[in-house]
Amino acid sequence: MLRRLLRPLLDPYRRYRHARVIHAVRVSLGLLASILLTTGIHLPHGEWASVTMLVVIGGLQHHGNIGKKAAERAIGTLVGAAIGLVLVVQQAWLGMPWLTYFAMAVICGFFSYHAIGKGGYTALLAAITVFIVAGHGDNPVTDGVWRGVDILIGIALALAFSFALPLYAVYSWRYNLADALRDCASIYGRIINGQPVTADEHLKLMGRLNAVMVQLRSLMPSVSKEVKISMTELDAIQRHLRMIVSTLEILGNSRPDTSDADAMSHLQSALKAEHRLIACN
C-alpha cells in the first residue's frame, strides 16, 4: 500500500513531467524549515538563512549538477562572509571609513575580474555576500557574526534539501530524446506521404526538434556525472540525432512542387521507391 501511495514520486516519468512542481515543493519546505529554525531559536537576522538557501539551491534542479553547483555557491558565500567579517572588525578597530570603502571596492573589483569566466558565479556571490555581512563597513561586529552564522545555517539546510527526492537529468535527457525521435518519425511520415513541407505543422515540428537538441546539449554534463558516461559517448548520440534532423531537412527541401496535379502521381511513385531504399539502408 505504501508503494502504491508513493508511486507518483517513485515513477521516473511522473517525476520528469512534474519536475518543476517537485522542485518548487522542495525549495518551499526548505524555506519553511529555515524560517522555523531561525525564529524558533531567536537568531538575529535569521532571514539571511532563507536568502542563502534560495541562492544556493533555488535554481538547481537536476541531481547531476547539485553537488558541484551547491559546493561552488557555498564556497562563494563562505568566502564573502569571512571577508565581510574581517572588514567589520577592522572598521570597529581602526575606525577609518575611507579605508573600509577602498578595501571593499578593491575586493569587489577582484571578484568582478574573476566573475567573467569559469567559476564566475562563485566570485560574484562572494562579492554580494561581503555587502550582506558588512554593509558599508558600519555594521556592528555582532551583527556581522550573526549574519555569518545565518549564512552557514542556510548553506547546511540547502545541501540537506538539495538531496531530498532528487530529480535526475538522465531521465529528462532520455525522455526528451524519445520525444525528438517521435517527432522525426512524424516529419518523415509527412515527407514520404507527399505532404507540404511549408505547412505550419511541419514547421512547428522542425522548430520543436531544434529546441530539443539545444536542451539535450545543456543536460549532457549532468547526465555524464549521474550515469558515468563520457561526454564523448553522449556527444556521439547527439551527433546522430543532428544527422537525422539534417537528413530530414534535406529530404524536405528536395521535394518538388506538389501544386502541379500531373507531377503529384509521379512524386508519389518516386517517394515510395525512395522510402524502400531508405528502409533497406
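Here the structure is shown first, and the text comes after it.
Starting from 1, residues in each chain are numbered consecutively following that chain's sequence as written. With pLDDT at 70 or above as the cut-off, local features in this predicted model cover only qualifying residues; side-chain atom pairs require 80 or more to be listed or tallied, and sums for whole chains, interfaces and linings still use all residues. With hydrogens and water set aside, each side-chain value is computed from the structure's full complement of heavy atoms.

Visitor: A description of the nonpolar core should follow, citing residues and the corresponding values.
Guide: Residues enter a nonpolar core if they are buried and are Ala, Val, Leu, Ile, Met, Phe, Trp, Tyr or Cys, with the set joined through side-chain atoms within 4.5 Å. The buried label applies to any residue whose accessible area, calculated with a 1.4 Å probe on protein chains only, is under 20% of its type's maximum; exposed applies above 50%, and partly exposed to all values in between. By size, the foremost hydrophobic cluster in this structure holds 25 residues, and its most contacted members are Trp173, Ile187, Leu209, Val223, Leu241 and Val245. Only DSSP runs of H or I covering at least 4 residues are called helices, and only runs of E covering at least 2 are called strands; the numbering of each starts at the N terminus. Elements that contribute at least two residues to this core include exactly α9 (169-192), α10 (200-227) and α11 (231-253). A total of 10 residues in this core trace back to one element, the largest contributor, which is α9. Once you skip the residues sitting within four places of it in the chain, Ile187 turns out to touch His202, Leu205, Met206, Leu209 and Leu248. Residues Met53, Ala74, Ala81 and Ile153 belong to the second largest nonpolar core, which totals 16 residues. Here a residue-residue contact requires only that any non-hydrogen atoms of the pair lie within 4.5 Å.

Visitor: Hey, could you go over the pattern of salt bridges for me, with residue numbers and the actual values?
Guide: Counted as salt bridges are all cases of a side-chain nitrogen of Lys or Arg within 4 Å of a carboxyl oxygen of Asp or Glu. Applying the stated criterion across every chain, the model contains 5 salt bridges. Here Arg217 ties to Asp235 by a salt bridge, and the two come within 2.7 Å at their closest N and O atoms. One end of the pair, Arg217, is in helix α10; the other, Asp235, is in helix α11, and 18 residues separate them in sequence. With a relative accessible area of 23%, Asp235 lands in the partly exposed category. Look at the salt bridges and you will find they share partners, linking Arg217, Asp235 and Arg239 into a network.

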